[in-house]
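Here are the chains, one letter per residue:
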Amino acid sequence: MNLRQVWIVDFGSQYTQLITRKTRELGYSCEIITYEESLECWNKGEKPSAIVLSGGPLSISADDNDYSFYFEEDIPLMGICYGMQIICRELGGKVEKGVSGEYGKANIHFTQGHQVDGCCKDLNVWMSHFDHVSVPPENFDVILESKNNFIAGIKHNTKGILGYQFHPEVDHTEYGKELLEYFYKGLARLNKDWSTKEMLAKASEVVTNVGRTKVLCAFSGGVDSLVAATLAEKSLGDDLHCFFVDNGLLRPQDHHHIKLLQKETNLNIEIINASKDFHDKTAGIEDPEKKRKAIGVTFIETFERKVHEYEEQKGIAFTHLLQGTLYPDVIESTSPHKKGGKSVTIKSHHNVGGLPEKMKLELLEPLRFLFKDEVRALGKELGLNPAWVHRHPFPGPGIGVRVLGELNPGSIKCVQLSDQILFEEMHNFELYDKIWQAFTVFLPVNTVGVKGDGRAYENVMCIRLVNSTDGMTATWCDVPYPFMDKVSSRITNEVSGITRVVYDVTSKPPGTIEWE
């Protein structure tokens, strides 16, 4: 799947994924790539139509990489923050260590004779840097300055090379899309090649390339696996077998949803009850990463047994495993540092990574380079029920990552009941469609309370409500007080063992959406 009209070279910025999303929203195909990967591709003769150098946490003075190959040909190039400093250093400008940095919101203005269509002369932008460009390279104009006279933007006089010291990709920056479009359309002169129809064609191509073969689908019923399976079914028909694994870590609404999909779609969905296996494999495990890995391994073992069963009893030999893996899953699970990048693994995802060789199945991941909002758009294009397309995300490990510490039937039941109450009240208050993801988390913390005139010493349940578009960033939801009051009251009264309810007001970053 080649999405490389634009290379977005990642130097470890927390905002690199936002550059990708904003670029696609503007209609241009792109992919995140590390410096080493870009060098390797370049040496093979693979070159993009434009290059974006991301921001990064390091000082340019400590960077001894050779970036000269980016400038060997007249390929349009945009540098953001650290990326602009790379441009200046490589082309003979001067980058200095700052006496004081610029972080957060800042005001900048266009210099005399420079302007970008659709933008005001003065802009509020998001800065995050310490080093700064003190002297631009020869043949570059300073097009933007900050109030404290720092150079905020530069442009080559004749070539398509542009630098922004701030972050146009974040929502905090005014006219961010216009500033990005100035590069893609005005300087790079790219043709728009990214749309829902293009996404559908690219994703479908991944499936059709395998031909008519037997495919096993790891099916959760969420929008990701549903869209992936619907895509595959159009090509494979009855050769696609969807296995829904009941791992004992589901909610009542999940069981109802799967039965509805069995009834109302053309998908061949088989429910596998593996609750005991998951309980046995996670028993005694408290560390969240070990718990995720144990759940992931058990999923694979469950599928492996099913594969052998089909081979021995039905004579069906599967060749591929279809998964609804998304780009954020890949980004968070794969550390670019191992490939020469500068980011680190945040957490592993149960559906990302290789399979045991003995399974002899190839991974089939048609959505691997898409964000959640793009998958929802794909679902609409496929004609899926809007309620299914906009269903709140639910992680593969399920309640396994919503019970902190060791899993046990009691704590799992608490989350199931609390979640049921939370979702009932979201619908009652007409909030479901206004919230991107909602769930409760069991905290193994005992607090003192009063129930029935007696002392209670019981656990805490946390409510987590966030809004997001792709899962890469998220903000907590400001919901009506009567709603929170009703949910809290019902949980403490109806869920045995819960004395206290708290609300998580942490955005992502610095937190992740899930607690584990």
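See the structure shown above.
Keep in mind that this is a model prediction, so the values were computed, not measured.

A. Summary view of the nonpolar core. Residues Met-426, Leu-465 and Phe-483 are the most contacted members of the largest nonpolar core, which totals 44 residues. If you tally residues by element for this core, the top one is helix α13 (residues 409-428), at 7 residues. Core analysis: the next-biggest nonpolar cluster, separate from the first, contains 35 residues, Leu-200, Cys-217, Ala-228 and Leu-261 among them.

B. Broad picture of the sheet that holds strand β13 (residues 240-246). In space, the 5 strands of this open sheet follow the order β14-β13-β12-β15-β16, with parallel pairing throughout. Looking at strand neighbours, the two that pair on one side only are β14 (269-273) and β16 (362-364), the edges of this open sheet. Adjacent strand axes in the sheet meet at a mean angle of 30°, parallel and antiparallel pairs treated alike. When strand β12 (residues 215-218) meets β13, the two strands line up parallel, connected through 4 bridges. Bridge assignment links Leu-216 to a residue of β13, and that residue is His-241. Contacting β12, β13 and β15 (320-322), helix α6 (residues 223-236) runs over the sheet at an angle of about 155° to β13.

C. Structural context of the pairing of strand β18 (residues 454-467). For β18, a buried count of 10 out of 14 residues is recorded, marking the element as mostly surrounded by other parts of the structure. Of the strand pairs in this sheet, β18 and strand β20 (residues 498-503) are connected by 5 bridges, and their pairing is parallel. Each bridged residue has a counterpart across the sheet, and for Ile-463 the counterpart in β20 is Tyr-503. The sheet contact formed by β18 and strand β19 (residues 475-476) spans 2 bridges and is antiparallel. The residue of β19 that forms the bridge with Val-466 is Trp-476.

D. Representation of unusual backbone geometry in the model. One non-glycine residue, Asn-139, lies in the positive phi region at around 75°. Tracing the chain through its elements places Asn-139 in the loop between β8 (132-135) and β9 (140-146). Residue Asn-139 is classed as partly exposed on the basis of its relative accessible area of 42%. Of note in this structure, Glu-430 is not a glycine but carries a positive phi near 55°. Judged by its relative accessible area of 62%, Glu-430 is exposed.

E. View of α13. Look at α13: 29 Å from first C-alpha to last across 20 residues, which is about the 28 Å you get at 1.5 Å a residue. As for α13, its buried residues are in contact with α7 (252-264), β17 (437-451), β18, α14 (481-494) and β20. The N-terminus of α13 is capped by Asn-408, whose side-chain oxygen sits 3.0 Å from the backbone nitrogen of Gly-410. One or two residues past the end of α13 sits Glu-430, with phi positive at roughly 55°.

F. Looking closely at helix α3 (residues 82-90). Among the 9 residues of α3, 7 are classified as buried, and the element is accordingly described as predominantly covered. For α3, the complete set of buried residues consists of Tyr-82, Gly-83, Met-84, Gln-85, Ile-86, Ile-87 and Cys-88. The first or second residue beyond α3 is Gly-92, which carries a positive phi of 95°.

G. Representation of the packing of aromatic side chains in the model. One pass over the full model with this rule turns up 21 aromatic pairs. Between the aromatic rings of Tyr-67 and Tyr-70, the centroid separation amounts to 6.2 Å while the plane-to-plane angle is 10°, which identifies the pairing as stacked. For Tyr-67, a relative accessible area of 0% gives the class buried. The buried category is assigned to Tyr-70, whose relative accessible area is 0%. Seen from their ring centres, Tyr-310 and Phe-318 are 5.5 Å apart, and the 45° between their planes marks the pair as tilted. With relative accessibility at 4%, the residue Tyr-310 sits in the buried group.

H. Layout of the pattern of salt bridges. Tallied over the entire structure, the rule returns 33 salt bridges. The shortest N-O distance in the salt bridge between Asp-277 and Arg-305 comes to 2.7 Å. With Asp-277 in helix α8 (residues 275-282) and Arg-305 in helix α9 (residues 288-314), this residue pair connects regions lying 28 residues apart in the sequence. Of the charged contacts, one joins Lys-486 and Glu-425 as a salt bridge, the two residues approaching to 3.9 Å between their closest N and O atoms. With Lys-486 in helix α14 and Glu-425 in helix α13, this pair connects stretches of sequence that are 61 residues apart. Beyond isolated ion pairs, a larger network of salt bridges with shared partners links Arg-251, Asp-254, Arg-391, Arg-402, Asp-419 and Glu-514.

Scoring rules and cut-offs
Throughout, residues of each chain are indexed from 1 in the direction in which the sequence is written. In keeping with the model being predicted, local features are shown solely for residues with a pLDDT of at least 70 and side-chain atom pairs are shown and tallied solely at 80 or more, while totals for entire chains, interfaces and linings include all residues. For the side-chain quantities, the full set of heavy atoms in the structure was used; hydrogens and water were omitted. Take the buried residues of types Ala, Val, Leu, Ile, Met, Phe, Trp, Tyr and Cys, join any two whose side-chain atoms come within 4.5 Å, and each joined set is a nonpolar core. Note on classification: 1.4 Å probe, protein chains only; a residue is buried when its accessible area is under 20% of the maximum for its type, exposed when over 50%, partly exposed between these limits. Only runs of H or I of at least four residues qualify as helices and only runs of E of at least two qualify as strands under DSSP, and these elements are numbered from the N terminus. Strand pairing follows a simple DSSP-based rule, namely that at least 2 bridges must link the two strands. All axes are obtained by fitting lines to C-alpha atoms, using only the stretch in contact for helices, and the reported angles, taken between N-to-C directions, cover 0 to 180 degrees. By the convention used here, residues are in contact when the closest approach between their heavy atoms is within 4.5 Å. Each helix should span, by expectation, one fewer than its residue count multiplied by 1.5 Å. Under the rule applied, a polar contact is a pair of N or O atoms within 3.5 Å (in protein, one hydrogen donor and one hydrogen acceptor; residues adjacent in sequence only if both atoms are side-chain atoms). Centre distance within 6.5 Å is the pairing criterion for rings of Phe, Tyr and Trp, where only the six-membered ring of Trp is used; planes under 30 degrees apart are then read as stacked, over 60 as edge-to-face, and the remainder as tilted. Note on definitions: salt bridges are taken to be side-chain nitrogens of Lys or Arg within 4 Å of carboxyl oxygens of Asp or Glu.

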